[in-house]
Amino acid sequence: MVLSTSFVFVARPSALHAVESTTVHDKNSELVFLLVDKTRLKADLLTWPEDGSKSEKLVSFRIAIGKENGDKQKSGDNKTPEGIYFAKRIIDGRRLPAKYGPVAIPIDFPNPLDRFLGKTGYGIWLHGVEQDSRIEAANVTEGCVAFYNADIRSLSQWLKPYDSIIVIAKDATQVNRPEDVEQVTKLVHEWTAAWNERDLDSYISYFIPNFRSFDKNMNLKNYKKYKERVFASYKDMSVKMQDVRVFTHDRYAVAIMNQDFKGDNHFAAFGRKVLYWQRSDDGGWKLFHEEFDAQPMRFTNLSRDKIAQIIKSSPSTKFLQDARESKL
């Protein structure tokens, strides 16, 4: 299947600036993401360094998911979606019905691929429960991912609104396979180089054949002409991508990074770039959707004391330990 695309600029809510954040990567901070494994009813909070080779599992949580099996297709089907998503705002549970527990974190389902595929629905959240015993029933939600209340409180300290990635999969072994991450990362750098060098033919070759820029209502041929005019409008132009992180799923990949663009002395744009790549039938990847906003990527401070305390106090710890021992 070949997808179409759109390019959008995303403005984040001003309230976001009140959230503690780290924008400069150092030895005490890293990008973290949540990997939800529907088959194993487990969610792992992991780091995702730039090279993708030294990911560290920080803590594991037991979860409950949708009442029905399979990938969410339409509103009301009670299935938990599978894909790569961003955490949105954090909602205080006191503003919500009791079944959501103390905290809820919406995700951006349906994302660009979901919408293209015609999937419908809304209100897919990570949230707590009215009673922790509900988690043990496993398939109990209307499509959300539910956690023990102590765990969702802990998780809300680690997932950055509008930044953190939530990867949901039927089988987590299909997520972030090294060969996929390596291939997409290489494509990101090649595409950036073509852009930086204003090599228009090479730049355009990375897009899907039936590309359509919805904001400008252009097909790939007309979009190429548009980019030719843009490239020619600058005497000096440079673009750099920093802090590249690639997440892959069985059907598509998402690359996030900080973009630093400069055009002559009259235009500059620094912020987060998000690229969506479709896996093609021949095993390659093509670019089908792009987003940019002026808020750079933010990293999470990694407090080992806090991690140890979460593991010690988490209701999931004993359950997951018992599950491991039962398989010995």
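Here the structure is a predicted model, which is why all the values come from computation and not from measurement.

1. Description of the overall build of the protein
- Scanning the protein for helices and strands turns up 7 helices and 19 strands.
- The proportion of buried residues among the 328 residues of the protein is 54%.
- Of the contacts made within the protein by residues no fewer than 6 positions apart, 65% connect residues no fewer than 24 positions apart.
- Of the accessible surface of the protein, which amounts to about 15,400 Å², a share of 50% is contributed by carbon and sulfur atoms.

2. A short note on the pairing of strand β15 (residues 237–248)
- Buried residues dominate β15, accounting for 9 of its 12 residues.
- In textbook terms, the turn of a hairpin is the stretch between consecutive antiparallel strands, and for β15 and strand β16 (residues 252–263) this stretch comprises 3 residues.

3. Considerations on helix α3 (residues 178–196)
- Under the 1.5 Å per step criterion, the end-to-end length of α3 is 27 Å for 19 residues, consistent within 8% with the ideal 27 Å.
- Those residues of α3 not exposed but buried are D180, V181, V184, T185, L187, V188, W191, T192, A194 and W195.
- Two residues or fewer past α3, R198 is found with a positive phi of approximately 55 degrees.

4. So, the confidence of the model for the protein
- Put simply, the protein has an average pLDDT of 88, and 88% of its residues get 70 or more.
- Below pLDDT 50 for its whole length, residues 4–9 participates in 29 contacts with residues either more than four positions away or in separate chains.
- Under a pLDDT of 50 for its full length, residues 14–24 has, in the predicted model, 23 contacts with residues more than four places off or in other chains.

5. Here we look at the nonpolar core
- Among the nonpolar cores identified, the biggest contains 56 residues, and W191, W195, Y203, F207, F247, I256 and W277 are the most heavily contacted of them.
- One finds V32, A43, W158 and I307 within the second-largest nonpolar core, a separate group that totals 29 residues.

6. Some words on the pattern of salt bridges
- Across all of its chains, the model carries 23 salt bridges by this definition.
- The partner of D92 in a salt bridge is R94, and the shortest N-O contact between them spans 2.6 Å.
- Note on D92: relative accessible area 30%, which makes it partly exposed.
- Each member of the salt-bridge network shares a partner with another, and the members are D71, D114, K119, D250 and R251.

7. A look at the side chain of D108
- Of note, D108 is situated in the loop between β8 (103–106) and α1 (112–116).
- In contact with D108, other than residues within four places in its own chain, are Y85, F86, K88 and Y276.

8. Looking at the packing of aromatic side chains
- For the structure on display, the rule yields 20 aromatic pairs.
- Taking the centre distance of 5.6 Å and the plane angle of 75 degrees together, the rings of F33 and W48 count as edge-to-face. Of this pair, F33 sits in strand β3 (residues 32–37) while W48 sits in the loop between β4 (42–47) and β5 (57–66), and the two are 15 residues apart along the sequence. With respect to burial, F33 and W48 carry one shared label: buried.
- With centroids separated by 4.9 Å and ring planes inclined at 50 degrees, the aromatic side chains of Y100 and W125 adopt a geometry described as tilted. Taken together, the residues Y100 in the loop between β7 (91–92) and β8 and W125 in strand β9 (residues 125–127) connect sequence positions 25 residues apart.
- For W125, a relative accessible area of 15% gives the class buried.

9. Structural notes on the pairing of strand β12 (residues 165–169)
- Here β12 lies mainly inside the structure; 5 of its 5 residues are buried.
- Of the two faces of β12, the one lined by I165, V167 and A169 and the one lined by I166 and I168 are each fully buried.
- As paired strands, β3 and β12 are joined by 5 bridges and run parallel to one another. Across the sheet, the residue bridging to L35 is V167, located in β12.
- As judged from the 4 bridges shared by strand β6 (residues 83–86) and β12, these two strands associate in the antiparallel manner. When the sheet's bridge partners are listed, G83 is paired in β12 with I168.

10. A word on unusual backbone geometry
- Omega for the peptide link from F109 to P110 comes to 0 degrees, which places this bond in the cis form.
- Here P110 lies in the loop between β8 and α1.
- Although it is not a glycine, N78 sits at a positive phi angle of roughly 60 degrees.
- Within the element layout of this structure, N78 appears in the loop between β5 and β6.
- The backbone phi angle of A138 is positive, close to 75 degrees, even though this residue is not glycine.
- As for its position among the elements, A138 is in the loop between β9 and β10 (139–141).

Rules used throughout
Residues numbered from 1 in each chain as written. Predicted model: local features only at pLDDT ≥ 70, side-chain atom pairs only at ≥ 80, totals over all residues. Heavy atoms only, no water. Helix = DSSP H or I, 4+ residues; strand = E, 2+ residues; numbered from the N terminus. Buried < 20%, exposed > 50% of the residue type's maximum accessible area, 1.4 Å probe, protein only. Contact = heavy atoms within 4.5 Å. Areas by Shrake-Rupley, 256 points an atom, 1.4 Å probe, with all protein chains shown as cover. Pairing = 2+ DSSP bridges. Expected span 1.5 Å × (residues − 1). pLDDT = per-residue confidence, 0-100. Core = buried A, V, L, I, M, F, W, Y, C linked by side-chain atoms within 4.5 Å. Salt bridge = Lys/Arg side-chain N within 4 Å of Asp/Glu carboxyl O. Phe/Tyr/Trp six-rings, centres within 6.5 Å; stacked < 30°, edge-to-face > 60°.

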